[in-house]
Amino acid sequence: MKTDPYPNNMNYLTIIIKLVFVLVLINFLWIFVPDHFIGGISIYNSIVSGRERLPFGEIPESSYNLSLFNIDAMFSSHKISASLDDDNLLIFLIGDSSIWGFLQKPEETLAGLLNEKFDQKNIQVMNLGYPSISILKDAFLIDYAMRFDPDLIIWFTTLEALPTDNQLSIPINANNPGRINALINQYDLDGFVIQPQPISERTFWGQRRNLFDLIRLQIFGFLWDATGIDQEYPDNYRQALRDFPNPTLEFHGLKESQDLADHISLDVINKVINHNPNTDFVLINEPILISSGENSHLQYNFYYPKWAYDSYREIINNFTEINGIKYYDFWDIVPENEFTNSAIHLTANGEIILAEKISLIITQYIGDLNQNAK
Amino acid sequence: MIGVISWILVSKQSLLENRNNKIAIASLTLLFVFFSILRLFPMLDNLRNISIPPQMHVLIFIFTIFFTIVIFQNFNKSHILHHLLIILLIVLFALQKNEFLSLNASIVLRKLGDQSTNLASASETLWVGYSYFAFRLLHIMFDSIKQGKIDIELHEFIGYLFFFPALLAGPIMRSQDYVNDLREKNDNDEVNIENAFKRIATGLFQKFIVADMLALISMNSVIVENISSAGWMWFVVFMYAFRIYFDFSGYTHIAIGIAQLIGIKLPENFNKPLRSPTLTIFWNNWHITLTNWFRAYYFNPVTRNLRRNLKTIYPNIILAFMQISTMILIGLWHGISWNFIFWGFWMGIGLFIQNQISTWFIKNFTKDKAFWQMNLVTKSTSVAFTFLYISLGWVWFAMPDLDTSFHVFATLMGNK
């Protein structure tokens, strides 16, 4: 006797109702799963080696790396999450893509060069740069990195990182509204509006992209370990602009007549340093491309009209002096020809020039520590 | 048009005289003519894509061939037209599977159409699903030569040739099975929807979750250039072996599931091949319909023929030749390049050696059992060794050229 393939339509209805119920339940329960629970699950530093720098990649298939916004997953994939030697002096480098090392192999980055320089000297330099130019992003990363108990943080910044208006729209900040809000409250940061965080974004459905990226990050871990490659190194790339036939005389909509100090968030630096008294900080004004091309008397590079950058240097110099922040201005130490595809990205030689300067700072810092110990 | 011509060649006279089939031939021909002629009328620009139309002499040439076949098919007792069509299918196959030939075909076609040859590219002559289309048609041609005219209506025939669920990645179904299922459906419209969706869901999971994830970490020409350690090279090679299985098996599940929804039962194409203890068993369980096809239309008849006609030659030499040549042909079916020839040779020689060792082992030691049948340890060892051999074979298959393949093997052996 033939069996009816559709024995009871109600069965299908029951299945659909159960399915919807389970989906709703999973989505609801997912809201309560803490970020660090998922982000902390990682094959890095156990099955595969930790990364030399935070994950970032625009072409994952060839760089074996990708950009994601789960900060727990980002740090879990970094070698910083491996068990660190307590006897080592732990130095963190914070900054933008120039510190992360755009177009540089891990060993060519500033952290790579410093680690080589201080090899065998119980000093471990961690590359915590991330390719977004934002002081709030820096504060976010520093706040997270504090759990690793650094001795010294060398914080690289530049004027482009400071305008208050665009801090919250930087992808890594915009995609971490809960944590950025907590940061704003915790550090009492002025000028930043608390971001709404719709509950739907915390559900399983809302988090699906993040989860997928997290899995991909783990998968790319194998190829990172296998190849040591974490970004694409094209043979040819477009050089940073050096000629400005139509120079930009405004900076983020500001004219020379306006007061730049009112529109930048230097205070973030002060608040972060004061909030973390057990760690030493050194602030560096990072090198920029000083163009000698057309209209270079009006514009230094793609980012900066001359008036804005000169004004910024004066402001930050006064600011650090008033607040007692150890500060070095390295804006012009790297020659024009040692920049790659951007006004802040250095060539391998440019990195060496900067590393020489930073190594002197570290040496002096160690000397001071030894002096204080005596 | 190739489909219609083939049907005319292989069909029984009664089917050709059937009014419905005549209308179908006329309709299909008219459609072909309509779309070809349409391009010759500039005032109908909005109905066609803006490109230079094919020249009238090309159309006349095509129609001359078509009507010659229609007229002379009744006098085709020696199957000359069948053989010509088989040659045409194989030539088209070569054009599809070799980049150099595809590019030159594109140049020739552009010249015929008075188009710029600067824009010629190998990809523009590629025909989606041609491999499977050609194999279905070849199987019908061979069967027709051997067994006489077939009893398939034109609409069934065209439906079979272009059966879309299996057009991209198989399985290769026999025409008679397809037609039987199609006709049976009228009497019994019972479709196992649950099982069909289960197959589709399994396929989607295998293809889009497992295989696509594995694709990120499996051997490809870029990854192997970046790897210098033997351990990691073994890793990406093994990942490729899993990836290709889940990719292909996933597609097959989807095809079988969709076909089931339509009421067609496609044959199974995989049966746990990665658990095979020998290469022979692997090839009985991997892309089953393709190996069956080659077994039926090449290996068995040619082996019989060679044994009958070359009695002085040691049978094992014939067997070795046939196993290697069959696998090389399967390799060439995937693409015409030295890498596929090497892959075919690798598999063929492996099959032959494994068969000889198995026979020798049974003869001298176990009498009634193969080595892998002795116990769990011998079975596990055999499965592992077979998997290893298959995985290494994929190096030829996956790499774009021999230099890269040798680089992979060198790295696997620890030479950087």
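Note that this is a predicted model, so its numbers are computed, not measured.

Moving on, we come to the overall build of chain A. A tally of helices and strands in chain A yields 13 helices and 5 strands. Over its C-alpha atoms, taken along the principal directions, chain A stretches across nearly 90 × 50 × 45 Å. Looking at the 374 residues of chain A, the share that counts as buried comes to 52%. Long-range contacts, defined as pairs at least 24 residues apart, comprise 81% of the intrachain contacts of chain A with a sequence gap of at least 6. Summed over its atoms, the accessible surface of chain A is roughly 17,800 Å², and 54% of this surface lies on carbon and sulfur atoms. Where the 24 positive side-chain charges of chain A centre and where its 47 negative ones centre are 6 Å apart.

Residue and element names in this part refer to chain A. Strand order in the open sheet formed by 5 strands is β2-β1-β3-β4-β5, and the pairing between neighbours is parallel. A single partner strand is all that each edge strand has here, and the edge strands are β2 (123–127) and β5 (327–329). The average angle at which neighbouring strand axes cross in this sheet is 20 degrees, direction not considered. Strands β1 (89–94), β2 and β3 (152–157) of the sheet are contacted by helix α6 (residues 110–117), whose axis makes an angle of about 175 degrees with β2.

Residue and element names in this part refer to chain A. On the surface, Asp 85, Asp 86, Asp 87 and Asp 149 cluster together into a patch of negative charge. In this fold, Asp 85 is placed in the loop between α4 (71–77) and β1. Judged by relative accessible area, Asp 85 falls into the partly exposed class, the value being 43%.

Here we come to the domain arrangement of chain B. Residues and elements named next belong to chain B. Annotation of chain B at the domain level lists domain 1 (2–162), domain 2 (189–270) and domain 3 (274–412). Taken over C-alpha atoms, the centre of domain 2 sits 22 Å from the centre of domain 3. Across the contact, 23 residues belong to domain 2 and 22 residues belong to domain 3. Taken over both partners, the interface formed by domain 2 and domain 3 buries close to 2,000 Å², and the fraction arising from carbon and sulfur atoms is 79%. Here domain 2 and domain 3 share 5 residue pairs in polar contact (both at pLDDT 80 or more) between them. Those elements that place two or more of their residues in the side of domain 2 that touches domain 3 are α11 (221–226) and α12 (230–262). The element contributing the most residues to the side of domain 2 that touches domain 3 is α12, with 11 residues. Across the side of domain 2 that touches domain 3, the residue classes break down as 16 nonpolar, 5 polar and 2 charged.

Reading the values: the criteria
Residues numbered from 1 in each chain as written. Chains lettered and ligands numbered in written order. Predicted model: local features only at pLDDT ≥ 70, side-chain atom pairs only at ≥ 80, totals over all residues. Heavy atoms only, no water. Helix = DSSP H or I, 4+ residues; strand = E, 2+ residues; numbered from the N terminus. Buried < 20%, exposed > 50% of the residue type's maximum accessible area, 1.4 Å probe, protein only. Contact = heavy atoms within 4.5 Å. Areas by Shrake-Rupley, 256 points an atom, 1.4 Å probe, with all protein chains shown as cover. Lys, Arg positive; Asp, Glu negative; His and termini not counted. Charge placed at Lys NZ, Arg CZ, Asp CG, Glu CD. Pairing = 2+ DSSP bridges. Axes fitted to C-alpha atoms, helices over the stretch in contact; angles between N-to-C directions. Patch = residues over 30% accessible without salt bridge, like charges linked within 9 Å, V, L, I, M, F, W, Y side chains within 5 Å. Salt bridge = Lys/Arg side-chain N within 4 Å of Asp/Glu carboxyl O. Domains from an automatic or database assignment. Buried area = accessible area lost by both parts, 1.4 Å probe. Polar contact = N/O pair within 3.5 Å; in protein donor to acceptor, adjacent residues only side chain to side chain. Nonpolar A, V, L, I, M, F, W, Y, C, P; charged D, E, K, R; others polar.

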